[in-house]
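Per-entry structural report
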Amino acid sequence: MKLPLIITKRLLTNPYALGWGIALMFFWIVMGAFIDSASVPKSSAVYYTASWYGLIALLSTSSFATSIAIIIYYQSGSLPYFMRFSKLTPKYYLFSLYFTMLVTTIIVSIIMGLGVISLFSYHFGETIAPKNWGLFFLDAILAGVFYLPLSLLLEELTIVTTRRLSNAISYIPVVLGYLFGFSYININLGNLVYYSPFLSIQVLGVQSFFTRSIPLNFNDFKGPTLNVDYVIISAIGWSIVLSFASMLLFRRLYYKSLEEARIV
């Protein structure tokens, strides 16, 4: 268990991850709790709070996904040698990465949840918290098992193509997180919610604050409601497909110098 703990500690103490994934998220939480909420009636306080938690959970975990992608990028230069000439095995390394991402997303989700609950409850003068804690933690777990193979697959693609693309590719998770996150609260996306793993993470976070089903589209209270089972199945399906693809490429890793990423 030494390697998983080392990688987990490195990710959770990474100043860039803490800045983008924690500090910036608390800025958004303060904005949502005290500025954007000025015109929100108390009757909509729970739904408003839940929607902000869903967005924050998506953005914070996607930020840490980018950070672990960068960690994988720097480790990938020596991985082929360690796999061949040391006791490190592909299974143990992959287990370490999954362990790291799961622990990280759970810790980050708890921190973000406490931030949203405390500040929004203070603003609205009532305690607003998730009613389905099982779904709350399931959302964090699904985020971890989705983002890890996605980040790993993206970095593997830079090895089989060119490392010069790594800087851009590493930020794909956080870019897509922001794109889907803000699209959900501004546009009726319909059944796309069931097909996008990013939206799945977001809406499950929102749903955890309710015992009844939330609207499928954010502002459409008269339309269809969310089918939680379909969302969970979709998120698991994406995780399995990405895990399978990343493991296939992982076994084909070969040495490619990190210096290739330098643009001359």
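Our subject is the structure that appears above.
Residues numbered from 1 in each chain as written. Predicted model: local features only at pLDDT ≥ 70, side-chain atom pairs only at ≥ 80, totals over all residues. Heavy atoms only, no water.

So, on to the overall build of the chain. In terms of regular secondary structure, the chain is built from 11 helices and 0 strands. Starting at the N terminus and ending at the C terminus, the chain contains elements arranged as α-α-α-α-α-α-α-α-α-α-α. Taking 18 Å as the expected radius of gyration for a compact globule of 264 residues, we find that the chain reaches 19 Å, a close match to that expectation. Across the chain, the fraction of contacts at a sequence separation of at least 24, relative to all contacts at a separation of at least 6, is 81%. Put simply, the chain shows about 12700 Å² of open surface, and 68% of that area lies on carbon and sulfur atoms. Averaged over its 16 positive side-chain charges, the chain has a centre that lies 12 Å from the centre of its 9 negative ones. (Helix = DSSP H or I, 4+ residues; strand = E, 2+ residues; numbered from the N terminus. Rg over C-alpha atoms; globule rule 2.2 N^0.38 Å. Contact = heavy atoms within 4.5 Å. Areas by Shrake-Rupley, 256 points an atom, 1.4 Å probe, with all protein chains shown as cover. Lys, Arg positive; Asp, Glu negative; His and termini not counted. Charge placed at Lys NZ, Arg CZ, Asp CG, Glu CD.)

It is worth spelling out the environment of Asn132 at this point. Secondary-structure assignment places Asn132 in the loop between helix H5 (90–124) and helix H6 (133–160). In this structure, the C-alpha to C-alpha distance between Asn132 and Val103, residues 29 residues apart in sequence, is 20 Å. In contact with Asn132, not counting residues within four places along its chain, are Ser208 and Phe210.

Okay, a nonpolar patch on the surface next. Residues Val30, Phe34, Ile35 and Tyr122 make up a contiguous nonpolar surface patch of roughly 420 Å² in combined accessible area. Here the element with the most residues in the nonpolar patch is helix H2 (residues 15–35); it accounts for 3 residues. Take Val30: it is sitting in helix H2. Accessibility expressed as a relative area gives 37% for Val30, which makes it partly exposed. (Patch = residues over 30% accessible without salt bridge, like charges linked within 9 Å, V, L, I, M, F, W, Y side chains within 5 Å. Salt bridge = Lys/Arg side-chain N within 4 Å of Asp/Glu carboxyl O. Buried < 20%, exposed > 50% of the residue type's maximum accessible area, 1.4 Å probe, protein only.)

Let's shift gears to the packing of H5 against H6. Direction vectors running N to C along H5 and H6 enclose 135°, while the axes themselves pass 8 Å from each other. Relative to H6, H5 is oriented oblique. Note on packing geometry: the crossing formed by H5 with H6 is right-handed. Touching Leu94, Leu97, Tyr98, Met101, Leu102, Thr105, Ile106, Ser109, Ile110, Gly113 and Ile117 of H5 are Trp133, Phe136, Phe137, Ala140, Ile141, Ala143, Gly144, Val145, Tyr147, Leu148, Pro149 and Leu152, all from H6. In terms of residue class, the contact of H5 with H6 is built from 19 nonpolar, 4 polar and no charged. (Axes fitted to C-alpha atoms, helices over the stretch in contact; angles between N-to-C directions. Parallel < 35°, antiparallel > 145°, perpendicular 65-115°, else oblique. Left-handed = near helix turned anticlockwise from the far one by under 90°. Nonpolar A, V, L, I, M, F, W, Y, C, P; charged D, E, K, R; others polar.)

Another point: the packing of aromatic side chains. The relative placement of two aromatic rings is captured by the distance of their centres and the angle of their planes. On inspection of all chains with the given rule, the structure shows 22 aromatic pairs. Each ring, one from Tyr53 and one from Phe136, has its centre 5.2 Å from the other, and the planes form 25°; the classification is stacked. Note that Tyr53 is positioned in helix H3 (residues 45–76) and Phe136 in helix H6, a separation of 83 residues in sequence. Taking relative accessible area as the criterion, Tyr53 reaches 1% and is therefore assigned buried. Owing to a relative accessible area of 2%, Phe136 belongs among the buried residues under this scheme. (Phe/Tyr/Trp six-rings, centres within 6.5 Å; stacked < 30°, edge-to-face > 60°.)

Our focus in this paragraph is the side chain of Asp139. Note on placement: Asp139 falls in helix H6. Although Asp139 is buried, it makes no salt bridge; Lys131 carries the closest opposite charge, 16 Å away. Non-local contacts of Asp139, meaning those with residues more than four positions away in its chain, are made with Ala57, Ser200, Ile201, Leu204 and Gly205.

Moving on, we get to the environment of Ser196. Here Ser196 shows up in the loop between helix H9 (192–195) and helix H10 (197–207). Considering only alpha carbons, one finds Ser196 and Tyr122, 74 residues apart in sequence, at a separation of 33 Å.

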